[in-house]
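Here is how the chains run, residue by residue.
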Amino acid sequence: MTSTRELTYLIVENNEDYLVVNKAPGVNLHRNQHQQSLLDVLHADFPGESLHLVHRLDDATSGLLLIAKSPLAAAELGNLFANREVEKFYFALADGKPSKKQGTIVGDIKKSRSGSYLLSRTRTNPAVSQFFSYSLSDGRRAYLLKPHTGKTHQLRVVMKSLGVPILGDRRYGPSNQECGRMYLHAMALRFQFRGIEKHYVCFPHEGEAFSDAAIQTVLLDCDPPWDIKWPALN
């Protein structure tokens, strides 16, 4: 199913407790300076439903978004996210050679004078992220990313700290880079809800760079991402 007003999302799951949608890149969750938000569209497409955001994606990020359909479900799902009981996996593309090809990145994320964020060596309330990277061609690599925390711009800042800002990231990458979109996609979610395991995987499909055959091979190798041998956290 797609929105009848704009092609802003696809339905992945629709049950009595929540929706899972695949958000298109560039779609805003809140109005802010926009006339309409994704939540406005969903309210129009699901009249009478009580819809509640329980986590966030940056406007430029595509992928899986979980939306509760009642205050009770919102509280339960919100607690899962707050207690880090939802496994989240992202897929990204970047050009250049990273400072390391896989590993765990830990550090505080602090706001800079420019309004962006940066990764600090301090660990007062650190962001924790893990990643694997996969060589493609022409100096480009694919990244499977697993954030264990949910800090603002976390993965975008982590990728910049590795020396490889996400392809098309206008804030953290080259200002003259024109790619049509930011190549960061929320690919998978896994969690326990009322005693039942729920899991969703949705490959990226919007953006010319994601259509490369080598990337499709990497995606299949990463499916499902929780079966990969992620290093244990200290």
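Below: a short report on this structure. (Residues numbered from 1 in each chain as written. Predicted model: local features only at pLDDT ≥ 70, side-chain atom pairs only at ≥ 80, totals over all residues. Heavy atoms only, no water.)

### A closer look at the layout of surface pockets
Operational definition: A 1.4 Å probe that fits into a set of points on a 1 Å grid over the protein atoms alone but cannot get out defines a cavity; an open set with protein on both sides within 12 Å along at least five of seven lines defines a pocket, and lining residues are those with an atom within 4 Å of a point. Grid points are joined across faces, edges and corners, and a volume is the space filled by probe spheres set on the points. As a working rule, the residues Ala, Val, Leu, Ile, Met, Phe, Trp, Tyr, Cys and Pro are called nonpolar, Asp, Glu, Lys and Arg charged, and the rest polar, with Gly in that last group.
The space that makes up the largest pocket amounts to roughly 750 Å³. Around the largest pocket, the lining is made up of 29 residues, and of these Arg-56, Lys-88, Thr-149, Gly-150 and Lys-151 lie nearest the centre. Among the residues forming the lining of the largest pocket, the class breakdown is 10 nonpolar, nine polar and 10 charged. Approximately 230 Å³ is the volume found for the second largest pocket. As for the second largest pocket, its lining consists of 14 residues, and the residues nearest its centre are Ala-60, Gly-168, Arg-170, Arg-181 and Met-182. A per-class count over the lining of the second largest pocket returns four nonpolar, four polar and six charged.

### Describing empty space enclosed by the protein
The cut-off we apply is this: Helix and strand labels come from DSSP, where a helix needs a run of H or I of at least four residues and a strand needs a run of E of at least two; each type is numbered from the N terminus.
Tallied over the full model, the rule gives two cavities of 30 Å³ or more. Roughly 40 Å³ of volume is contained in the largest cavity. Every element with two or more residues in the lining of the largest cavity is listed here: strand 5 (87–95) and strand 11 (184–193). Its volume calculated, the second largest cavity comes out at about 40 Å³. Contributing to the lining of the second largest cavity are Asn-22, Lys-23, Ala-24, Pro-25, Ser-62, Arg-181, His-185, Pro-204, His-205 and Glu-206.

### Some thoughts on the environment of Ala-68
Formally: Three labels apply to residues, based on accessible area from a 1.4 Å probe with only protein chains included: buried if under 20% of the type maximum, exposed if over 50%, partly exposed otherwise in between. Any pair of residues with heavy atoms lying within 4.5 Å of one another is described as a contacting pair.
Among the structural elements, Ala-68 can be located in strand 4 (residues 62–68). A residue is classified by how much of its surface remains accessible, and Ala-68, at 0% relative accessible area, is buried. Every residue in contact with Ala-68, bar those within four places of it in the chain, is listed here: Asp-17, Tyr-18, Ser-50, Leu-51, His-52, Val-54, Ala-73, Ala-74 and Leu-77.

### Description of helix 3 (residues 154–161)
The buried count for helix 3 comes to six of eight residues, which makes it a mostly enclosed element. If you check which residues of helix 3 are buried, you get Gln-154, Leu-155, Arg-156, Val-157, Val-158 and Met-159. Looking one or two residues beyond helix 3, the residue adopting positive phi is Gly-163, at roughly 85°.

### Notes on helix 1 (residues 38–45)
In plain terms, the rule: Think of it as the arc spanned by the lines of direction from the helix axis to the C-beta atoms.
The complete set of buried residues in helix 1 reads Leu-38, Leu-39, Val-41, Leu-42 and Asp-45. Buried residues along helix 1 cover an arc of 160° about the axis, so they all sit on one side.

### Description of the packing of aromatic side chains
Threshold: Ring pairs are drawn from Phe, Tyr and Trp, using the six-membered ring of Trp, whenever the two centres fall within 6.5 Å, and their geometry is named by plane angle: stacked under 30 degrees, edge-to-face over 60, tilted for the rest.
Inspection of every chain in the model, using the stated rule, returns 10 aromatic pairs. Between Tyr-18 and Tyr-200 the ring centres are 6.4 Å apart and the planes differ by 90°, which places this aromatic pair in the edge-to-face class. Here Tyr-18, found in strand 2 (residues 18–23), pairs with Tyr-200, found in strand 12 (residues 196–201); they are 182 residues apart in sequence, far enough to count as distant. Judged by relative accessible area, which is 1%, Tyr-18 ranks as buried. Ring centres of Phe-91 and Phe-210 lie 6.1 Å apart, and the angle between their planes is 40°; on these two criteria the pair is classed as tilted. Here Phe-91 is found in strand 5, whereas its partner Phe-210 is found in the loop between strand 12 and helix 4 (213–221), with 119 residues between them in sequence. Using a relative accessible area of 0% as the deciding quantity, one classes Phe-91 as buried.

### What about the nonpolar core?
Keep this limit in mind: Put simply, a nonpolar core is a bunch of buried Ala, Val, Leu, Ile, Met, Phe, Trp, Tyr and Cys residues held in one set by side-chain atoms that sit within 4.5 Å of each other.
Core analysis: the largest hydrophobic core is formed by 32 residues, its most contacted members being Leu-42, Leu-65, Ile-67, Tyr-143, Leu-145, Met-159 and Leu-184. Going through the elements one at a time, strand 2, helix 1, strand 4, strand 5, strand 10 (140–147), helix 3 and strand 11 are the ones with two or more residues in this core. Per-element tally for this core: the top contributor is helix 1, with four residues. Aside from chain neighbours lying at most four places away, what touches Leu-65 is Leu-19, Val-20, Val-21, Leu-29, Leu-38, Leu-53, His-55 and Leu-57. Leu-136, Tyr-183, Met-187 and Leu-219 belong to the second-largest nonpolar core, a separate cluster that totals 20 residues.

### Let's talk about the side chain of Asp-169
Definition in use: Polar contact criterion, stated in full: a pair of N or O atoms within 3.5 Å, where within protein one must be able to donate a hydrogen and the other to accept it, and residues adjacent in sequence count only if both atoms are side-chain atoms.
Along the chain, Asp-169 falls in the loop between helix 3 and strand 11. The exposure class assigned to Asp-169 is buried, which follows from its relative accessible area of 0%. Only 2.8 Å separates the side chain of Asp-169 from the side chain of Arg-156, close enough to count as a polar contact. Within the structure, Asp-169 has its side chain in polar contact with the backbone nitrogen of Arg-171 (distance 3.1 Å). Excluding anything up to four places from it in sequence, Asp-169 contacts Arg-156, Gln-177 and Met-182.

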